[in-house]
Amino acid sequence: MITINEHYLKLQASYLFSDIAQRVVSFQEKNPDREIIRLGIGDVTKGLPKACIEAFHRAVDEMAEDGSFRGYGPEQGYAFLREAIAENDFRSRGADITAEEIFVSDGAKCDTGNIQELFSSDAKVALPDPVYPVYLDTNVMAGRTKEFEGGRYGGIVYLDSTKENNFVPDLPSEQVDLIYLCFPNNPTGSTISKAQLKQWVEYARDNKALILFDAAYEAFIRDDSLPKSIYEIDGAKEVAIEFRSFSKNAGFTGTRCAYTVVPKECRAYDSQGNRQDLHFLWNRRHCTKFNGVSYPVQRAAEAVYSQDGKKQVRDLVGYYMRNADLIRKEIAALGYSYVGGENSPYIWIEGGQDSWQFFDMLLDKAGVVCTPGAGFGKCGQGYIRISAFNSYENVQKAMERIRAVLG
Ligand SMILES: *Cc1c(COP(=O)(O)O)cnc(C)c1O
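Calculation criteria
Residues numbered from 1 in each chain as written. Predicted model: local features only at pLDDT ≥ 70, side-chain atom pairs only at ≥ 80, totals over all residues. Heavy atoms only, no water. Phe/Tyr/Trp six-rings, centres within 6.5 Å; stacked < 30°, edge-to-face > 60°. Buried < 20%, exposed > 50% of the residue type's maximum accessible area, 1.4 Å probe, protein only. Helix = DSSP H or I, 4+ residues; strand = E, 2+ residues; numbered from the N terminus. Lys NZ or Arg CZ within 6 Å of the ring centre and 35° of its normal. Near = heavy atom within 4 Å. Polar contact = N/O pair within 3.5 Å; in protein donor to acceptor, adjacent residues only side chain to side chain. Areas by Shrake-Rupley, 256 points an atom, 1.4 Å probe, with all protein chains shown as cover. 1 Å grid on protein atoms, 1.4 Å probe; cavity = no way out; pocket = protein on both sides within 12 Å on 5 of 7 lines; lining within 4 Å. Sits in = over half its atoms within 2 Å of the grid points. Nonpolar A, V, L, I, M, F, W, Y, C, P; charged D, E, K, R; others polar. Pairing = 2+ DSSP bridges. Axes fitted to C-alpha atoms, helices over the stretch in contact; angles between N-to-C directions. Contact = heavy atoms within 4.5 Å. Domains from an automatic or database assignment. Buried area = accessible area lost by both parts, 1.4 Å probe. Salt bridge = Lys/Arg side-chain N within 4 Å of Asp/Glu carboxyl O. Points joined across faces, edges and corners; volume = space filled by probe spheres on them. Expected span 1.5 Å × (residues − 1).

Visitor: An account of the packing of aromatic side chains is requested, with residue identities and associated values reported.
Guide: Each aromatic ring pair is described using two quantities: the centre-to-centre distance and the angle formed by the ring planes. Using the criterion set out here, one finds 23 aromatic pairs in the structure. When the ring of tyrosine 132 is compared with that of tyrosine 135, the centres are 5.4 Å apart and the planes differ by 65°; the resulting orientation is edge-to-face. Note on tyrosine 135: relative accessible area 1%, which makes it buried. Seen in terms of ring centroids, phenylalanine 246 and tyrosine 259 are 6.0 Å apart; in terms of plane orientation they differ by 55°. Their pairing is tilted. Taken together, the residues span a long stretch of sequence, with phenylalanine 246 in the loop between β9 (240-245) and α7 (247-250) and tyrosine 259 in strand β10 (residues 258-261) at a distance of 13 residues. Each member of the pair phenylalanine 246 and tyrosine 259 is classed as buried. The rings of Phe90, Tyr231, Phe246, Phe252, Tyr259 and Tyr305 are connected pair by pair, giving a single aromatic cluster. Across the ring face of tyrosine 319, the terminal group of lysine 46 is positioned such that the distance to the ring centre comes to 4.0 Å.

Next comes the structure, spelled out in structure tokens:
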């Protein structure tokens, strides 16, 4: 008899985005003449940078000729891309990361989901609330949690991100082994200072723990005193793995390219307490289960680091951040308290009522779609997330309507 992995039965069906879609459809049916503006999406809306498209096209043409055709590439990514990443994203900021420590992949979602395979099934997991659901669900699937009760899984240490701690969780009061952090944060848009991140690195060193640092939104950091990489903190290379993506900075959400940094000195332990090398283990896993990102996509990603590409990515991020600035200004003028939007594309707004009630009110009265914070965890109750990923014209129109309703 073939039996299933019963840990999957513990998973809560994620109703968030289908619930939103359903409410939007039913609103549109009742109000066929009203135009809806979507500020709920976590997906970019603008086309790829020109430098990326040109490199993409050139590489596709290379694939047509026997002389320049490429078959299977190195699983870890081509050296041209790994070198460009190490130099531009790390060494230029004083973080001593080499090309061999970069693992190119088809997504930070997959990597943040797959990485937990390297750790024992009784590892104690700490993750933020509200949270990007991938961190939590993949640990549920792997059997690191008990049942779901009262809005939370047993066995998980939830790191509350609240107004009281300015949406940067405090260190856990109990001993944990595996810690997920995401800054700039999705969904709250909050950021972490170097001094705060240093405390987490010290916690991991003192407790033989490991930090999984998701920096998918680093390109949106405008305050240069904030860390873009955890490796800007001394001692982090031993205790942290970092995830990056071309999805949000260069619009690769549909093109697919990302990377994970596992430093050579990064460690975990076996059950005897002996040090084990995570770079070796992740390389073994990656080569066994992954066959590399397509050559044209890696060439397109490399172009992000060309002179033109850097400028075009800056302009792209700048475009969304102008939206974020407008949203923040309008929300502040209405007297609502919020966080985010200064160094991130998300604005996390305290609605003063149930998240879904606030969602319904904005949809019914303003025709604007946001994301209810309660969908990201218990601590998200009472909040909504507004995304800056849309056209400036749509954001202007949406904010005018919101002002008319709430002002
Ligand atoms: C969008 C996003 C990613 C990027 O995922 P990809 O699979 O690279 O597109 C990673 N982490 C968070 C928190 C995100 O919001």
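And the narrative resumes.
Visitor: Got a sec to walk through the site of the ligand? Specific residues and values, please.
Guide: The immediate surroundings of the ligand are formed by 15 residues, with Asp214, Tyr217, Ser245, Ser247 and Lys248 found nearest. At 2.8 Å, a side-chain N or O of asparagine 186 approaches an oxygen atom of the ligand. Residue aspartate 214 places a side-chain N or O atom 2.7 Å away from a nitrogen atom belonging to the ligand. Coverage of the ligand by the protein chains reaches 94% of its 390 Å² of free accessible surface. When atom positions are compared with the pocket grids, the ligand is found to occupy the largest pocket. When residues of the shell around the ligand are traced back to their parent elements, those giving at least two are α4 (108-114) and α7. For the shell around the ligand, the per-class residue count stands at seven nonpolar, four polar and four charged.

Visitor: How would you explain the sheet that holds strand β3 (residues 125-129) if you had to name every residue and give the values?
Guide: An order of β2-β10-β9-β8-β7-β3-β6 is seen for the seven strands of this open sheet, with the pairing classed as mixed. The open sheet has two free edges, formed respectively by β2 (102-105) and β6 (157-160), since each of these has just one partner strand. If you compare each strand with its neighbour and ignore which way they point, the axes differ by 20° on average. Direction of pairing for β3 relative to strand β7 (residues 178-182): parallel, over a ladder of two bridges. Bridging across to β7, alanine 126 finds its partner in isoleucine 179. The strands touched by helix α3 (residues 79-90) within the sheet are β2, β9 and β10, with β2 carrying the most contacts at an inclination of about 115°.

Visitor: Quick one: what's the story with helix α9 (residues 295-302), residue by residue and with numbers?
Guide: Burial of α9 is extensive: six of the eight residues sit out of reach of the surface. Of the positions making up α9, those classed as buried are Tyr295, Pro296, Val297, Gln298, Ala300 and Ala301. Looking at the buried residues of α9, the elements they touch are α2 (50-64), α3 and β2.

Visitor: Which residues make up the domain arrangement of the chain, and what values do they have?
Guide: The domain boundaries assigned to the chain delineate domain 1 (6-47 + 309-406) and domain 2 (53-307). Placing a centre on the C-alpha atoms of domain 1 and another on those of domain 2 gives a separation of 25 Å. If you look at the interface, domain 1 gives 37 residues, while domain 2 gives 48 residues. Summed over both partners, the interface of domain 1 with domain 2 comes to about 3,400 Å²; 60% of that surface belongs to carbon and sulfur atoms. When the buried surface of domain 1 facing domain 2 is broken down by residue, Lys10, Asn343 and Cys379 rank first, second and third, together holding 20% of it. Our count for the domain 1 to domain 2 interface comes out at two salt bridges.

Visitor: Outline empty space enclosed by the protein, supporting the account with residue identities and numerical values.
Guide: This model, assessed by the stated rule, comprises two cavities of 30 Å³ or more. Put simply, the largest cavity is a space of about 70 Å³. Asp89, Ala215, Ala216, Glu218, Ala219, Arg244, Ser245, Phe246, Asn249, Tyr259 and Tyr305 are the residues that line the largest cavity. Grouping the constituent residues of the lining of the largest cavity by class yields six nonpolar, two polar and three charged. Size it by volume and the second largest cavity reaches roughly 30 Å³. Lining the second largest cavity are Phe183, Pro184, Thr191, Ile192, Ile221, Leu226 and Pro227. Of the residues contributing to the lining of the second largest cavity, the split by class is six nonpolar, one polar and no charged.

Visitor: A description of the environment of leucine 81 should follow, citing residues and the corresponding values.
Guide: Its location among the elements puts leucine 81 in helix α3. Remark: the alpha-carbon pair of leucine 81 and alanine 303, spanning 222 residues in sequence, is separated by 9.0 Å. In contact with leucine 81, other than residues within four places in its own chain, are Val104, Phe246, Cys257, Gln298, Ala301, Glu302 and Tyr305.

Visitor: Explain helix α10 (residues 307-333) to me, and be specific about the residues and the numbers.
Guide: It helps to recall that an α-helix has 3.6 residues per turn; residues three or four apart then point in one direction. The terminal C-alpha atoms of α10, which comprises 27 residues, lie 39 Å apart, in line with the 39 Å expected from a rise of 1.5 Å per residue. Directly beyond the C-terminal end of α10, a positive phi value near 85° is found at glycine 335.

Visitor: Describe the side chain of glutamate 232, and please don't skip the residues or the numbers.
Guide: Tracing the backbone through its elements, the reader meets glutamate 232 in the loop between β8 (210-214) and β9. The class for glutamate 232 is buried, based on a relative accessible area of 16%. Within the local environment of glutamate 232, its side chain forms a polar contact with the side chain of arginine 93, the two groups lying 2.9 Å apart.

Visitor: Give a detailed account of the sheet that holds strand β14 (residues 346-350), specifying residues and quantitative values.
Guide: Across the sheet, which stays open at both edges, the four strands sit in the order β13-β14-β17-β16 with antiparallel pairing between neighbours. At either margin of the open sheet sits one strand with a lone partner, and together these are β13 (338-340) and β16 (371-372). Judged from the two bridges that link them, β16 and strand β17 (residues 383-387) form a sheet pairing that is antiparallel. Its bridge partner being in β17, proline 372 is matched across the sheet by isoleucine 384.

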